[in-house]
Amino acid sequence: MTALTAGETRDRQRPLKVWVNAAERVRIEAQAEAAGLSVSAYLRSVGLGHQPRSVVDLDAVERLIKVNADLGRLGGLLKLWLTDTPGRGAAVADVRELLGHIKDTQDELRHAVTRL
């Protein structure tokens, strides 16, 4: 994309018209929004051969970080129990329950990643 210098504006006398059907319009608008651009800026960027990057949902990233931290804590607790008190300190049912929590957390992490 051609960069504008400070104080320079785009020539608003030369718009391009693009004929699209309703479905195409919705798709273009959604892709522009995902890239964090106006439809005009998105089409200009694509038309000039640039691939706009999508804006990552910061809330989704924060959820992933929290889930990953939870998974790390659960794994650390299990490792601590297994190394410090092998065969003692917790019933097999408790260990299985902890493993279930770890699996649930892994599933939550996978689900969060697919939403991005």
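The structure displayed is predicted, hence computed values, not measured ones.

## Points about the overall build of the protein chain
In step 1: The secondary structure content of the protein chain amounts to four helices and zero strands.
In step 2: Mapped in sequence order, the helices and strands of the protein chain form the string α-α-α-α.
In step 3: For the protein chain, the exposed surface amounts to about 9600 Å²; the carbon and sulfur share of it is 57%.

## Some points on the nonpolar core
Soluble globular proteins tend to pack their nonpolar side chains together in the buried interior.
In step 1: Within the largest apolar cluster, seven residues are counted, these being L71, L74, L78, W81, V95, L98 and I102.
In step 2: Of all the elements in the fold, those that place two or more residues in this core are α3 (58-84) and α4 (92-115).
In step 3: With residues near it in sequence (within four places) discarded, L71 still touches I102, T105, Q106 and L109.

## Digging into the environment of R115
In step 1: Mapping R115 onto the fold places it in helix α4.
In step 2: Remark: the alpha-carbon pair of R115 and A60, spanning 55 residues in sequence, is separated by 7.9 Å.

Calculation rules
- Positions within a chain are numbered from 1, following the residues in the order the chain's sequence is written.
- Local features are withheld for residues below a pLDDT of 70 in this predicted model, meaning they are given only at 70 or higher, and side-chain atom pairs are given and counted only at 80 or more; totals for whole chains, interfaces and linings count all residues.
- Side-chain descriptors were evaluated using all non-hydrogen atoms of the structure, hydrogens and water having been removed beforehand.
- Helix and strand definitions follow DSSP, with helices as H or I runs of at least four residues and strands as E runs of at least two, each counted in order from the N terminus.
- Calculation of accessible area relied on Shrake-Rupley with a 1.4 Å probe; when residues are assessed, cover is drawn exclusively from the protein chains displayed.
- Residues belong to a common nonpolar core when they are buried Ala, Val, Leu, Ile, Met, Phe, Trp, Tyr or Cys residues joined through side-chain atoms within 4.5 Å.
- Classification of residues uses two cut-offs on accessible area relative to the type maximum, computed with a 1.4 Å probe and protein chains only: under 20% is buried, over 50% is exposed, and between them is partly exposed.
- Throughout, a contact is declared for two residues whenever any of their heavy atoms are within 4.5 Å.

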